[in-house]
Structure formats: C-alpha cells, structure tokens
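Understanding the architecture of this molecule
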Number of protein chains: 4
Amino acid sequence: MTSSFGQLFRVTSFGESHGPAVGVIVDGCPPRLEISEADVQRDLDRRRPGQSRLVTQRDEGDRIEFLSGVFDGQTTGTAMAMMVRNKDQNSGAYDHLKNVYRPSHADWTYEAKYGIRDHRGGGRASARETIARVAAGAVARKLLHEAAGIEVLAWVSQVHDISIETDPTQVTLEMVEADPTRCPDPAAANRMTAAIEQARCNGDSLGGVVTFMARNVPAGLGEPVFDKIDADLAKAMISLPAAKGFEIGSGFAGTRLTGLGHNDPFEPGSDGRPRLVTNNSGGIQGGMTSGSDIVGRVAFKPTATIASEQQTVTTEGESTVLAAKGRHDPCVLPRAVPMVEAMALLVLADHWLRQRAIAP
Amino acid sequence: MTSSFGQLFRVTSFGESHGPAVGVIVDGCPPRLEISEADVQRDLDRRRPGQSRLVTQRDEGDRIEFLSGVFDGQTTGTAMAMMVRNKDQNSGAYDHLKNVYRPSHADWTYEAKYGIRDHRGGGRASARETIARVAAGAVARKLLHEAAGIEVLAWVSQVHDISIETDPTQVTLEMVEADPTRCPDPAAANRMTAAIEQARCNGDSLGGVVTFMARNVPAGLGEPVFDKIDADLAKAMISLPAAKGFEIGSGFAGTRLTGLGHNDPFEPGSDGRPRLVTNNSGGIQGGMTSGSDIVGRVAFKPTATIASEQQTVTTEGESTVLAAKGRHDPCVLPRAVPMVEAMALLVLADHWLRQRAIAP
Amino acid sequence: MTSSFGQLFRVTSFGESHGPAVGVIVDGCPPRLEISEADVQRDLDRRRPGQSRLVTQRDEGDRIEFLSGVFDGQTTGTAMAMMVRNKDQNSGAYDHLKNVYRPSHADWTYEAKYGIRDHRGGGRASARETIARVAAGAVARKLLHEAAGIEVLAWVSQVHDISIETDPTQVTLEMVEADPTRCPDPAAANRMTAAIEQARCNGDSLGGVVTFMARNVPAGLGEPVFDKIDADLAKAMISLPAAKGFEIGSGFAGTRLTGLGHNDPFEPGSDGRPRLVTNNSGGIQGGMTSGSDIVGRVAFKPTATIASEQQTVTTEGESTVLAAKGRHDPCVLPRAVPMVEAMALLVLADHWLRQRAIAP
Amino acid sequence: MTSSFGQLFRVTSFGESHGPAVGVIVDGCPPRLEISEADVQRDLDRRRPGQSRLVTQRDEGDRIEFLSGVFDGQTTGTAMAMMVRNKDQNSGAYDHLKNVYRPSHADWTYEAKYGIRDHRGGGRASARETIARVAAGAVARKLLHEAAGIEVLAWVSQVHDISIETDPTQVTLEMVEADPTRCPDPAAANRMTAAIEQARCNGDSLGGVVTFMARNVPAGLGEPVFDKIDADLAKAMISLPAAKGFEIGSGFAGTRLTGLGHNDPFEPGSDGRPRLVTNNSGGIQGGMTSGSDIVGRVAFKPTATIASEQQTVTTEGESTVLAAKGRHDPCVLPRAVPMVEAMALLVLADHWLRQRAIAP
C-alpha cells in the first residue's frame, strides 16, 4: 500500500511535517542483528536540516527513538518501530498557504485527491517524510554490511549546470562528506556552493543529479519480469520528493551508443565466474545483479519553494501572487544524498532476503 | 511477487520464449466491461514480430485466447486469463548458446540466481514475455477509455542520434502508426529507418527513446510516499526489457532550469479548478496527477543481440567469441511502443481503481 | 507481511509487552472521517487490563496518542499512526522465565524461529499486541458506521461448560457491557463469574467462546476464491492470541444437518431483492455477504499462564517445574470481546473499500 | 488479491466451471525441483469427479498441461503455469438456472457484487476452481517432501452423524485411499457410504469433517501477529467451497478443558530440544510450529445442490420452487480431502520459504 515498501524487508512510514511525529515500522529484518539508536542517528544527521548554510535552517534535533523490535541491543526479528518527534514546528508561518496552491507542490493534487489537506509545511508531502526512509535505510545498511559486506554510497554529481566526471569506483564516503555539498570533487563543490548561494540571493532555487552506487553485491539478486531490481530501484528513487528522472548504468546516454559499443564483454574472473570487462549495464542485466557494482543516477528538479513571486490561484479559484515564506532549501541535492542511499539500501535488503528464500 | 504487478488491477504473467505458451491473468478488472479477443489482438498485433523489415522475422501469429473471466462478451469481475501459444519455436537455433553467456543478456544473471536456465531464446527473459503485458494493457485501455475517457499513446522520439522535437500534445495514433518506425515525424522516421538498416548490415544495433503520454487523466490519481504514480510508472517502464532510463516531465533536462523557470504557474481553469499554465511536472505533482497530460520518456539500450563477434566466456569459464544467430531486432524501439503504452495503462488502471475506493 | 493486515484498509502493528510502546499505522482510511482519540479510547478501555476482578490487574492507563493522519479532527487520507506507551512494566517479575519455556506459550517457538526472544511478558507474543488491533478497529468502526451504517458486536457465549442460547439478533451493546464477563445472559454471567473465580483460586484457567455479529452489511462484500470474506474473518480471528477454532454460520454443528435442513430458502424481500428466510450461512454465501447478518464464533483455549506447577524444560534442556508469577487473566474471554470485534471491523472495512473500487 | 494466495510460494488461479479452462500460476517455487505432469496428475485424480458412485459423475479427464516454468524436468524458478481444459460442459443443463437463485449457493451474492454472473455450473464459484489449488498443492508437496521431508495427509473423520476416533498419528495414505469415502476406519466408511447413498436417494445431501495433519514439520515456521501459521491455515481452509468451520489442535472441544489439562508440558527431547508431551496445541504455539505434528479439522456443510424442491426467488423477484438438475455430489467430503491437503501444503510451502529468508 501507499505507505509501505518492500516485500520481505518491509517498511511502513507515517508522519506529517507539523504533526506530532514522523516514524517507521521495519518488518522482516532478520533477528540478532546488533543495532543501536546511534547507528540510525548517524544517517539521520546527514539528512537533518540546519547542517550548513546550504540547507534549510529549521532546527530539528531529529533524535530517533526505538519503540519496539530491539532487545538487548539486537533485533528480535519482530516489527521494529522508530520515531522522531517534530519539534520546531513554526506552523503559523504556513497560515498564508491555507487558501492558496503553491506552484509545483502537492497542494492542489492532495486537495484533488482527498478533498482535505494539511497545509502546514506540506503535510504528508513534506520532505520530513524521508526521515522514515533514512531511519529504515540505516537498519538495512547495517544488515547488508554485517551479513553480506554490501556497501552503498551516493553523492552529488551535478548542481544546475555544474557537473563532475569523477570515476564512481574511486569515490569514498570521506570524499563525499568532506564538503557540505556532498560533491566529491572539491573544485566543483566550490562552484556548486557559489551557485546555490547565488540562487538563494535571487529568490530562486537549483536542481541537479545524485549518483548512487552499491559495491560487493553478489550476482543473482533481483527477479524476472516486474520485480527487476532496477525496476524496484527506479520506483524507490522516483518516489523521493522532487525526483524527476532515473538512470541505471548508461541510461539515456547509452541510447547514443550502438550494440557493439554498449554490450559488456565477459572475461574469466579470478574466482572462476564470469567477470564483466565494462559496466554499461550498471551492474544489472535482465533485472538481476551481475556481480559488478550497481551504478545509477537520480535527477532532482529545482526546489519548488522559492522566495520570488509566482502566479497561482486560491482555493476559491481566484488568481493571486505568492512568494514563499518559511524555511526551505534553495537546493535539495546535498540532503538528497542520504535519501538516495536509503532507498538503494531498502531495495537491496529486500532482494537479498528474497534471494535467501530460494537460493539454490 | 515477481510475476505480478498492480494492487487492484493486478496482472500475473507466465511464459518463456520456447515453452508451450505465454499468458497472463488479470485480476480485479471491474465487471461488465465489454471486451473481446479482437480488442486485445489489436494491441498484440502492434507488438508482434514480423510486422516490417525493421523488426525480427520470427513468424508468430500470436493469437490471443481468452481462458476465463469473460461471459457473453463482458467481464464478470473474476480473474481473466489470456494465452498465446508459442508456435515458431526454432529452438535448435539456440543450441550453441547452451554453454555460453551472451554479453549484456540475462544468461549469466539467471544462472547466478537460479543455478539453472532455459537457454532457448532467453527463456523467461525473452521479450516474448511482454505479450502478457500488452494483452493485459489492452484490457486496461478498454476500461480506462470506457469508464473514464483516459487515453494513452506512445511513440518513438529518438533512435540513436536522430531525435524529434514534436509537440507531444499534437501527436495522434494515426501519425504514430503511419510509419513502421512508429516515429510521428515522417522525415525523422525515414532517417531512423536508414540508420536501423545500416546497423543491421553492420551486424550492429541501435537504441533510443520512447515518449509516452496520457490524456484526460483526472486530477488526484496516485498516492503519497512510496506509491506515487510517477514512481509506479518508473518501475513499470524500467521493468521492460532493455530499458535503462526513465523521465517524468522535465526529467534530467529540468535539472538545468532554476525553480523560477521550472515551476508550473496556476491560472483559473474554465471549470473553476486550477489549471497549470506549463507542464514541466509532466502531469504529476507530489506523486499525484494534476489534471494536465502525463508525459514521460523511456530510454532503451541498443539491442544486446548482434551478429558481430563479441568476447565472452563459456559456462565452464573459458574465453570464447560469440556472434548471434537466430532472429532478432536491430532496434527494439518500434515494438517497444505498445509495451510502453501497456505499462502506462496498467499503472493508470490500478490507480484509477485505488482512487475509486476512497474517493470523497 | 507478518505485522500487516488488510489490502486497502491496511494496518501495521508494532510493540512488545515490555518495550517502550505498542502502536499501529492505519493506511488507506478514506479522508474526511471525523475521528478523535476519544473514539479510539472507548474501545481500548474495553480491552484494558484491570477493569474488573476477572481480568489481569496490570495497571495500564493505555492512553492512545495520535501521531499522524488526522488534521482538524478529520482523517486526511494519509497514514494514521497511533501509539500507547507501556507504563506498568514489572519486568523483574519475568526474570525467572529467561531460561525456561512456559508450556503452551510462544516461548519455545520464538526461540526456535529467531534464536532470540524477549522473555519479558511474552514480548511480541503478549496480548498487549492487541492494543494495535483494537485501536485500528475503532477507526474501522467509525468509518463503517458513518459511511455505511454497519455495526459489529461480540459477546461471551461460553465459558468452560457454561454456554448460552441467546438469539444473536436480540443482543445489544448494553446487554454485553452490563456485566464484566461480557455475557449478555445475566444468569449465565453469574455462573461464569463464579467459575472464573474458582479457577483462579485453583491456580487454573478457563477458555470459552466469543460470538460475533455484523448488522446492516450490504450484499456483495467479499471476493471469490481465496479472499472470501469468511476466509479473511477466519484468518483474522485465528490470529488472535489463544484462538483455536472458528465457525461461520452453522459451523461444525451444521455438519449434522442435511442439505434440505441447512439450505437457506429465499423469499422476495420488501426492497425487491431476495431475502434469506433462515441464516445457516451466517450471512455469507460463496465468500460474499448475502445481506443477512454475519454471525460467527471463535474458540479461545484456557489461558496458558496458570499459577499451578507444570512440567517443562529449561533453555539448557533440563527438566524443571514452573508456576506462573506475575499478573494474568484466569480467563481471557471478557477481554477477547473487543479484540474479536476489532478483527471483524478490520475485515469489513477492507472489503467495503475493495467493493467500492469495482462496484457496478 | 482475490485470486492469489501466499507471499513467497504464491499461487494465482483462474477458471470457471464452463469456461475454456481452469488453471494456476505458481510463482516463487525454488529452482531445480524435479517435477512432472504425472506428479500433479496424481493429486488431481484424487480430486477428479467420477471416481466412484459417491461423487458427481461429470466425466472430466482433468489432464494437466504445464505451460511454463519447467525445463528439462526441473523448475526454473520462474512462474510455473498449469492448465486443465474443461471438456464435459453440459452447459444446457444449467439454462433453467439463468433466472433463479439457488439457495445457499453463490448465485445471489455474485449478482449482488458484480451485477453479472456466469450461471453455468456456478461459474467461478464452482468447485472446479479447486483444480488450481490441488495442482499448485502438488508442486508444494513435492517441494516440501524433497527439501524438508514434510508430509501432509488428510482424511474424512465425520460424515453427518458418523464420526471416527482414530489416532491421527496412526493414519496412513493407504488407509485413506483404501475406501472411496477416504475415511481410514473401514467400518465407519461403510456406514458413511450407506448414509451418502441414502441421502442421494432422498434428494438430499450430507456434510462432515475432514481432519488434516502435517508431519516432520520443523519448529519455528509461522509468523507473529497476523500471519500466524494457524491463521493462514484457517484462511486457506475456510476459502474452500462449503467450508464453515476450522479448528487447530483442541479447537472448540478445548474450551471445555482447564488450563492445567490443556497446556502441553515439555520434556527434554532426544535431540536436546524441548519435546511436547501432549499436543492440544495442534503443533502450533503463538502462531509458530512447535515441532509436533500439525493437526486440524475443517467442517463442510451439506452440499447445497439437492434434487429436492426448495423455495427460492427468481432474478425478477418472484417466488418460485427449484429442484436441482445436473450432476452433483451428495457429499463433498471424499473429494474435499485432496483440497484440504492442497491448502495445507500451500501454507506450509509459503512459510517454509519465508523462514528460509530470515533463518538464523
């Protein structure tokens, strides 16, 4: 259903921007995984607002609380619930939005769907919803690391017209976290920072691209037909707020190669298994992992909330002009990095468990 | 599960390239929809091999047979099964593939996953699997047309480096079907044809992009958080064979706009509801339809099967060289058009039913 | 998955007896239903321990807190989370159970499944888990009442060898709540009370039967084949702690009738629709509601926790003898009533929404 | 959804009594299981009509055909489709039912739900639908036998007022199949046969009880809360045509014991694990298998189709009188045995796979 994701590693989320709390139930995590609130807090802190000048200044501690499913520091195998209380809810700042639809937000579509909407900070459509994803992703990260050695990493590879050409296999977490932009190329990071600050001054906003990667993924994860692992990754990523595009491997650029240049030849691997010489497939063939690194990209549109005036209509159908108040990110890309990682982790954990069930 | 798709309009597919049959169960279609085998055959004929020189010459009538769920020409509301017998199974043509992994196919990954694979024509990974999708999509098409006036159309908008700039709102089915390439721009279609024929002569293959569109979609279809309608479209499309990229609305190009240029202003609509002045959102905001047309794009890689020699390994781990025999498409794009339409139709039918359940 | 129930009205629960909290996410409730914490508290108070001498004296206020999904006193259509903090956790009372398996509890089976168990108060297997069911059921109750006039009622119809022959159609909520046993027959209720108190004195426990009923149910709810509404009711009821049997309509007794006596004749109803003269079917035929009242019965075994000594083994595999300490119910029947109602309500809400999606 | 059952071992069925075919897709069966059409035919032949005078004389060969998912005599791990063509469709025999609702059938409820019904032989509500269950169950049987040594057996333990007291642990397949009644007690079988024949002569019908059992089930299968294995068994059984009651272990009779008599003491087992001295739990505690045999019972009402005249109404709302023509079983019990086995097998296969995914 709408607030659940995954078949075996199954997460169900709840929470609005200005409701009492945001949280998640992780059902299906195997028992006896050592996990603490600190393991989850680490990823939440990367998602948290107020980390740097680049992102929204809403001041939320975003402290995670475990509500169930962990006993003596280990998962019990039963439903694991985690919650973050909302604190800095300046709801009054949203009063002017009660009777108007913000362009390119979910205001109008929620109204059309439900005939009611929580106008405070976007309600359920707020990016605060991603706390649930990142918290669940942190559990998946621990599981995949401990049980299978799988690692997931993402970074900002483009902001507006500034893009990098870094070799994905060379990027490390340290490189990503070295700069508030989460761009592993320091020179590009500086230019991105300048562009984002300029956009803020202009009452404008910027979009960009996050590249993600998974390493040490065993061959054979994923399913035929509908539940291909790249299809699940696509859904996972496009379900993120502001995501407008998804690529696996060569993506759209690959359409300009020919078959001869695009196919990934095999050579005998040192372990006796086939090894792919190139990786245009992005680590996935026929919907299943090949043993190569998974590499993909997610496009995020420029933040819809901008301080400049825009044309819109009121809930009464009158023309009006709106300029955003309240706190917001002029560029979501740096904070999108842990969200993209979380979604990749959830997909991988789910398919890793699914493969365990039928593994020869 | 892996062979099922959708929550309420739910399809479950079966069938391998060289097994006895390919088919699908559609569960959840509302009762009393008038439907005949001819309604389904029409779309299957667009997907069928052997339609033109541009596509594989495998000669399959692909005649659909209804097995259940239809009585006196109407759906009964119970599970609707449909099947196509495989006929022209030149399985011997695949004997040379029993002990070798074709580059950028699913041969190696199926072996890694299952420890067994049906090597004949790709088995379950064959594009013949899409018969099930297209047949089910034809039922969804009839339902959405009759019950809601929703129409879905797709076309080839790029082959290799030849792309068109047609205004999506102006494209008609007649324009698409006028040329075997299914490109609605006749001049571009001619150049695409030449490029595809040249690729075949070279023992090579081409990829490209299919653009899809849905018209007359009511506002409010789609769900918050994970089951956003664009997220489900992304999964649907990336689950198609050879798909490597997905965009909704402005997609990757939108990352080079700023918020001011990307946001879609509202104006009062003639029906008293808000109307979007532009459509960078591609008809979807916050994961729900806005009432504007849905517009998206799907990237397909160049066909993996090529007649030229390629480096690979045998199932015994020895280096070898392989050149494809058998019939294959030098460019899947023309036949991908009905597949993309089918997947869009399945997603829309599912969300349309989901919205009926809770509609205010 | 394991902690979720329902397709469209979907609940996902969490919480252990001695963890921080027990709660539930209700996803799929239609928007604009007026609901308050008091609506939920009313049912929780009926489930709560410490209501009378007949049930466990654990002192829990069991105050419900809404965490999301309600805005200005109405459901928003998005995920609704509710939580109860655990308070009176006398965990030390369970230390003696850390290394021993209680007979006919879930201690050994959890250990066998997970290799770890939260021994405090039964952990996830505790009946405190049913707080989540009852809270979600209260939302379903409000929805079904407001939107469709459907009412669900249950009562104790048997304790040990004391059973009643009340006509189900005559039972009212007032009759049920008039006595702590929740048996609507006052004379039988007195005898049941005496029997339960005697069992407690004996260090023993009693089982019995809860009868449930749903009124004003429209014809046509339920699905063919696997998701028959009686099948979903059966799963719902047998998933309750201590449930060992389920009957719909005539149940096991019906096997002693012949077809002539068992079939329910039709007569013309006052509304022009067929009316059933008798109701051996229990309101369901072919898995769908007939328009008659739904009537069924659930068997609960005698409480497994008893103060008398019992033979068992330690986690080290040694024979030992165990007598329960801590608080427990000598008879779960009175508190099972709101649980049974909740499960019936969840099934009905789900099928009511499912029918809305496809209704002619 | 309605025509699907199971999470990992997932079956989806189709087919009406007088449509072209009845069949099933089994998705999620592990790869490399040796399986042939003969393995499935064996169970179908036990379900088939016309086996003896006791059951309907409809003459269907019910030959199974594999359509996908098996290659070189082994499952491939992909969707396995199986189909039986309907042959002896004497549809004309049902013309008189087009405008009348048969008492205690699904005629009226299907009409109420869908506004359309296939009146020929019950359409989707026909017991021919169980071909799909039995075929899928045969695959589950092979899997559980080969991979885990689990065996499932059912038998008729009661017809009308004739019941047996056989020790379940002593019943063998040979004993069950020795008599057309599938009652393992020869004396009772004779009396049941006489009673069934008498009912036929009377234009009447009989009901009864099937007992089922699973042996060699490892401890720890099943899930907490909603997907308890007994809850899934309850749903599975009550979803069978004509089923009205379900019991696990002591069932309703257990409500007349006290806790002291009902609890199953543990003693040290020869393998160092706890062993249950008694089995009132029916092999399941807290929703998970204990390692003891699973034992349960299913009540089937007397066949609704009887040759005697009954009061009913027409589709126009007029009173009328109806006596069944066509072929039918005066007692479904003997044929229900393989159906009950199939449902138990499907539940066990599903939970066995689910446990593999998370097993410590």
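Preceding this section is the structure that the text describes.
All of these numbers come straight from a predicted model, not from anything done at the bench. (Residues numbered from 1 in each chain as written. Chains lettered and ligands numbered in written order. Predicted model: local features only at pLDDT ≥ 70, side-chain atom pairs only at ≥ 80, totals over all residues. Heavy atoms only, no water.)

**As for the overall build of chain A**
In terms of helices and strands, chain A carries eight helices and 18 strands. Taking 360 residues into account, the globule formula puts the C-alpha radius of gyration at 21 Å, and chain A, at 21 Å, falls close to it. Within chain A, buried positions represent 68% of all 360 residues. At a minimum sequence separation of 6, the contacts of chain A that also span at least 24 residues come to 70%. Within the structure as shown, chain A displays about 10,600 Å² of accessible surface, and the carbon and sulfur contribution to it stands at 47%. In chain A, which carries 38 positive and 44 negative side-chain charges, the distance between the mean positions of the two groups comes to 3 Å. (Helix = DSSP H or I, 4+ residues; strand = E, 2+ residues; numbered from the N terminus. Rg over C-alpha atoms; globule rule 2.2 N^0.38 Å. Buried < 20%, exposed > 50% of the residue type's maximum accessible area, 1.4 Å probe, protein only. Contact = heavy atoms within 4.5 Å. Areas by Shrake-Rupley, 256 points an atom, 1.4 Å probe, with all protein chains shown as cover. Lys, Arg positive; Asp, Glu negative; His and termini not counted. Charge placed at Lys NZ, Arg CZ, Asp CG, Glu CD.)

**Structural notes on the pattern of salt bridges**
Evaluation of the coordinates by the stated rule reveals 104 salt bridges over all chains. Between Asp107(A) and Arg117(A) there is a salt bridge; the shortest N-O distance is 3.9 Å. Residue Asp107(A) is found in helix α2 (residues 107-114), and its partner Arg117(A) is found in the loop between α2 and α3 (130-148); the two are separated by 10 residues along the sequence. Among the residues examined, Asp107(A) registers a relative accessible area of 5% and is labelled buried. Exposure remark for Arg117(A): the relative accessible area of 9% places this residue in the buried category. Of the charged contacts in the structure, one is a salt bridge between Arg120(B) and Asp118(B), with a shortest N-O distance of 2.8 Å. (Salt bridge = Lys/Arg side-chain N within 4 Å of Asp/Glu carboxyl O.)

**Overview of the relation of the copies chain D and chain B**
For the pair chain D and chain B, the superposition axis carries a translation of 0.0 Å, the fit reaches an RMSD of 0.0 Å, and the rotation angle comes to 180°. Classification of the inter-copy transformation places it as that of a two-fold axis. Of the C-alpha atoms belonging to chain D, the one lying closest to the rotation axis is found on Thr12(D), 3.8 Å away. Comparing interface residues between copies, 100% of those in chain D also sit at the interface in chain B, which points to an isologous, same-surface contact. (Least-squares fit on C-alpha atoms with pLDDT ≥ 70 in both.)

**Let's talk about the interface of chain D and chain C**
The interface is formed by 108 residues belonging to chain D together with 108 residues belonging to chain C. Its largest share of buried area at the contact with chain C, chain D owes to Lys113(D), Phe226(D) and Lys244(D), together 11% of the area lost on that side. Our enumeration of links across chain D and chain C arrives at six salt bridges. Linking Lys235(D) and Asp232(C) is a salt bridge whose minimum nitrogen-to-oxygen distance equals 2.7 Å. Residues of the side of chain D that touches chain C, tallied by class, amount to 42 nonpolar, 42 polar and 24 charged. Direction of pairing for strand β11 (residues 243-248) of chain C relative to strand β11 (residues 243-248) of chain D: antiparallel, over a ladder of three bridges. When the bridges of β11(D) are listed, Glu247(C) appears paired with Gly245(D). (Buried area = accessible area lost by both parts, 1.4 Å probe. Nonpolar A, V, L, I, M, F, W, Y, C, P; charged D, E, K, R; others polar. Pairing = 2+ DSSP bridges.)

**A closer look at the side chain of Thr78(A)**
Position of Thr78(A) relative to the elements: it lies in the loop between β6 (74-75) and β7 (80-85). At 2.7 Å, the side chain of Thr78(A) forms a polar contact with the side chain of Thr76(A). Ignoring any residue separated from it by four or fewer positions in sequence, one finds Thr78(A) in contact with Val26(A), Asp27(A), Gly69(A), Glu16(C), Tyr110(C), Tyr114(C), Arg124(C) and Pro224(D). (Polar contact = N/O pair within 3.5 Å; in protein donor to acceptor, adjacent residues only side chain to side chain.)

**As for the pairing of strand β3 (residues 21-27) of chain A**
Residues and elements named next belong to chain A. Summarising burial for β3: seven of the seven residues are buried, a large majority. Across the two faces of β3 the burial is the same, with Ala21, Gly23, Ile25 and Asp27 and Val22, Val24 and Val26 all buried. Pairing between strand β2 (residues 10-15) and β3: six bridges, direction antiparallel. Considered in β3, the bridge of serine 13 is made with valine 24. Hairpin remark: β2 followed by β3, antiparallel, with five residues in the connecting loop. In this sheet, β7 lies alongside β3 in antiparallel orientation, the contact comprising six bridges. Within β7, the position partnered with alanine 21 by the bridge is arginine 85.

**What about the nonpolar core?**
Across soluble globular proteins, nonpolar side chains have a tendency to be buried as a group. Ranked by size, the top nonpolar core spans 372 residues in total, and within it Phe9(A), Phe9(B), Phe9(C) and Phe9(D) carry the most contacts. Excluding residues within four positions of it along the chain, Phe9(C) makes contact with Val26(C), Asp27(C), Cys29(C), Ala136(C), Val139(C), Ala140(C), Leu143(C), Leu346(C), Ala349(C), Asp350(C) and Leu353(C). (Core = buried A, V, L, I, M, F, W, Y, C linked by side-chain atoms within 4.5 Å.)

**A closer look at the relation of the copies chain D and chain C**
Least-squares fitting of chain D to chain C yields an RMSD of 0.0 Å, with the transformation described by 0.0 Å of translation along the axis and a rotation of 180°. Take the interface residues of chain D: 100% of them recur as interface residues in chain C, which is what a same-surface contact looks like.

**Some remarks on the packing of helix α1 (residues 37-47) of chain B against helix α3 (residues 130-148) of chain B**
Two quantities define a packed helix pair, namely the angle between the helix axes and the distance between the axes. All names here are of chain B. Direction vectors running N to C along α1 and α3 enclose 135°, while the axes themselves pass 8 Å from each other. By the angle between their directions, the pair α1 and α3 is classed as oblique. When you trace α1 past α3, the crossing you get is right-handed. Two secondary-structure elements touch here, α1 through Asp39, Val40, Asp43, Leu44, Arg46 and Arg47 and α3 through Thr130, Ile131, Val134, Ala135, Ala138, Val139, Arg141 and Lys142. Looking at side-chain class alone, the contact of α1 with α3 contains seven nonpolar, one polar and six charged residues. (Axes fitted to C-alpha atoms, helices over the stretch in contact; angles between N-to-C directions. Parallel < 35°, antiparallel > 145°, perpendicular 65-115°, else oblique. Left-handed = near helix turned anticlockwise from the far one by under 90°.)

**Section: the side chain of Asp27(D)**
With respect to the secondary-structure elements, Asp27(D) resides in strand β3 (residues 21-27). Of the side chains bearing the opposite charge, Arg124(B) lies closest to the buried Asp27(D), which forms no salt bridge; the N-O distance is 6.1 Å. A polar side-chain atom of Asp27(D) sits 2.8 Å from the main-chain amide nitrogen of Ser3(B).

**What about the sheet that holds strand β4 (residues 65-66) of chain B?**
Taken together, five strands build an open sheet; the order of strands is β1-β2-β3-β7-β4 (chain B) and the sheet is antiparallel. The sheet is open, and its two borders are formed by β1 (4-5) and β4 of chain B, each paired with just one other strand.

**Concerning helix α2 (residues 107-114) of chain B**
In terms of residue burial, α2(B) counts as a mostly covered element, since seven of its eight residues are buried. Within the sequence span of α2(B), burial applies to Asp107(B), Trp108(B), Thr109(B), Tyr110(B), Ala112(B), Lys113(B) and Tyr114(B). If you follow the buried residues of α2(B), they end up packed against β12 (266-268), β13 (274-276), β14 (284-285), β15 (288-289) and α8 (333-358) of chain A. Following α2(B) by one or two positions, Gly115(B) has its phi on the positive side, about 70°.

**Looking at the sheet that holds strand β4 (residues 65-68) of chain C**
In sheet architecture, strand pairing relies on hydrogen bonds along the backbone and comes in two forms, parallel and antiparallel. Residues and elements named next belong to chain C. The strand order across the open sheet built from five strands is β1-β2-β3-β7-β4, with neighbouring strands paired in antiparallel fashion. Two strands close off the open sheet at either side, each with one partner strand: β1 (4-5) and β4. In the sheet, β1 pairs with strand β2 (residues 10-15) via two bridges, with the strands oriented antiparallel. Residue pairing in the sheet places serine 4 in a bridge with threonine 12 of β2. Sheet contacts for helix α3 (residues 130-148): β2, β3 (21-27) and β7 (80-85); angle to β3, the most-contacted strand, approximately 35°.

**Things to note about unusual backbone geometry**
If you check the backbone angles, Arg182(A) has positive phi at about 60° while not being a glycine. Assignment of secondary structure puts Arg182(A) in the loop between α4 (173-177) and α5 (186-201). Phi at Ser104(D) is positive, roughly 60°, even though this residue is not glycine. In this structure, Ser104(D) sits in the loop between β7 (80-85) and α2 (107-114).

**Regarding helix α5 (residues 186-201) of chain B**
Residues and elements named next belong to chain B. With 16 residues, α5 extends 23 Å from end C-alpha to end C-alpha; this agrees with the ideal 22 Å at 1.5 Å per step. Among the residues of α5, Ala188, Ala189, Met192, Thr193, Ile196 and Ala199 are the ones counted as buried. Mapping the buried residues of α5 onto a view down its axis gives an arc of 145°, with all of them on the same face. Facing away from the buried side of α5 by more than 90 degrees, the exposed set consists of Asn190 and Cys201. Just past α5, the residue glycine 203 takes up positive phi, approximately 65°. (Expected span 1.5 Å × (residues − 1). Arc of directions from axis to C-beta.)

**Observations regarding the packing of aromatic side chains**
As enumerated under the stated definition, the model contains 22 aromatic pairs over all chains in all. Here Phe5(A) and Phe226(B) contribute two aromatic rings whose centre-to-centre distance is 5.4 Å and whose plane-to-plane angle is 35°, an arrangement assigned as tilted. You can see Phe5(A) sitting in strand β1 (residues 4-5) and its partner Phe226(B) sitting in the loop between β10 (208-215) and α6 (229-238), one on each of two chains. Taken individually, Phe5(A) and Phe226(B) each receive the classification buried, so the pair is uniform in this respect. Through pairs of rings, three or more aromatic residues link up here, namely Tyr101(A), Trp108(A) and Phe266(B). Just above the ring of Tyr114(B) sits the side chain of Lys113(B); from NZ or CZ to the centre is 5.7 Å. (Phe/Tyr/Trp six-rings, centres within 6.5 Å; stacked < 30°, edge-to-face > 60°. Lys NZ or Arg CZ within 6 Å of the ring centre and 35° of its normal.)

As far as function goes, none of this settles anything; it's purely spatial.
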